[in-house]
Amino acid sequence: MRKWIALLLVSAAAITISAAPPADVHAAIRLYREALKSKDLAALDAIWTDDYVFVNGHGQLRTKADRLADIRSGASSIDSITHEGAPTVRTHGKTTLVLSRVTIVGRYSGREVSHEFRSLHVWINEKGGWRLAFNQLTPVE
């Protein structure tokens, strides 16, 4: 009997996870942006995959180690992130692409930024949660 209950609980959890990735991704994005603004290095370390890559608004390629060092030193900081409308979300298996339009005020790699961007995030569902593997900012002219 206990085996059946355990099997039902595992099956229900799998259905819940696969049925609601967009809501989970939106929550992950909110947590991520709050961690950026508050410079929460531990949270960012957990959110970014080990092979995370970022192309910032100046076109610079940054790794996870680069970004953590930039935030730790103060070379990168986010004062505000304003969303311009709802993001476009596409889930393909364990990968979710999120395209949004944002206005960011702050610094990236020692350079001031106050601009509107298209932001592309690639989230991977692994280890029981959504982790950010790649993101790129493209200035909107």
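Coordinates for the structure precede this section.
Caption draft 1: Inspection of unusual backbone geometry at higher detail. Residue K39 is not a glycine yet carries a positive backbone phi of 55 degrees. Residue K39 is classed as partly exposed on the basis of its relative accessible area of 40%. The phi dihedral of S109 falls on the positive side, at around 50 degrees, and the residue is not glycine. You can see S109 is positioned in the loop between β5 (95-108) and β6 (111-126).

Caption draft 2: Main features of the pattern of salt bridges. Overall, the coordinates contain seven salt bridges when judged by the stated rule. The network of salt bridges with common partners includes D45, D50 and K64.

Caption draft 3: Structural context of empty space enclosed by the protein. Applying the stated criterion across every chain, the model contains one cavity of 30 Å³ or more. Volume-wise, the largest cavity comes out at about 80 Å³. Surrounding the largest cavity, 13 residues form its lining, R33, L36, I104, Y108 and L137 being those nearest its centre. Every element with two or more residues in the lining of the largest cavity is listed here: α2 (21-38), β5, β6 and β7 (129-139). Here the residues of the lining of the largest cavity are counted per class, giving eight nonpolar, three polar and two charged.

Caption draft 4: Geometry of the environment of L41. In this structure, L41 sits in helix α3 (residues 41-47). Separated by 28 residues in the primary sequence, L41 and A69 have C-alpha atoms spaced 9.4 Å apart. Those residues within four positions of L41 in sequence are excluded, and the remaining contacts are L68, I71 and R72.

Caption draft 5: Just the pairing of strand β4 (residues 88-92), in detail. Where β4 meets β5, five bridges bridge the pair, whose relative direction is antiparallel. Across the sheet, V89 pairs through a bridge with V98, a residue of β5. From the end of β4 to the start of β5, which pair antiparallel, there are two residues, and G93 there has a positive phi angle of about 65 degrees.

Caption draft 6: Local environment of a nonpolar patch on the surface. A contiguous nonpolar patch, built from L97, L99 and L120 and spanning about 200 Å² of accessible area, is present on the exposed surface. Tracing the backbone through its elements, the reader meets L120 in strand β6. Given the relative accessible area of 31%, L120 is considered partly exposed.

Caption draft 7: Local environment of the packing of aromatic side chains. The final tally for this structure, using the stated rule, is four aromatic pairs. With centroids separated by 6.2 Å and ring planes inclined at 70 degrees, the aromatic side chains of Y32 and W48 adopt a geometry described as edge-to-face. Of the two residues, Y32 sits in helix α2 while W48 sits in strand β1 (residues 48-55), which places them 16 residues apart along the sequence. Under the relative-accessibility criterion, Y32 is labelled buried at 2%. Between W48 and Y52, the aromatic rings sit 4.7 Å apart at their centres with planes inclined by 10 degrees, giving stacked as the arrangement. The exposure class of W48 is buried, given its relative accessible area of 0%. An aromatic cluster of at least three residues, connected via ring pairs, comprises Y32, W48, Y52 and W123.

Each value, and the rule that gives it
- Residues numbered from 1 in each chain as written.
- Predicted model: local features only at pLDDT ≥ 70, side-chain atom pairs only at ≥ 80, totals over all residues.
- Heavy atoms only, no water.
- Buried < 20%, exposed > 50% of the residue type's maximum accessible area, 1.4 Å probe, protein only.
- Helix = DSSP H or I, 4+ residues; strand = E, 2+ residues; numbered from the N terminus.
- Salt bridge = Lys/Arg side-chain N within 4 Å of Asp/Glu carboxyl O.
- 1 Å grid on protein atoms, 1.4 Å probe; cavity = no way out; pocket = protein on both sides within 12 Å on 5 of 7 lines; lining within 4 Å.
- Points joined across faces, edges and corners; volume = space filled by probe spheres on them.
- Nonpolar A, V, L, I, M, F, W, Y, C, P; charged D, E, K, R; others polar.
- Contact = heavy atoms within 4.5 Å.
- Pairing = 2+ DSSP bridges.
- Patch = residues over 30% accessible without salt bridge, like charges linked within 9 Å, V, L, I, M, F, W, Y side chains within 5 Å.
- Areas by Shrake-Rupley, 256 points an atom, 1.4 Å probe, with all protein chains shown as cover.
- Phe/Tyr/Trp six-rings, centres within 6.5 Å; stacked < 30°, edge-to-face > 60°.

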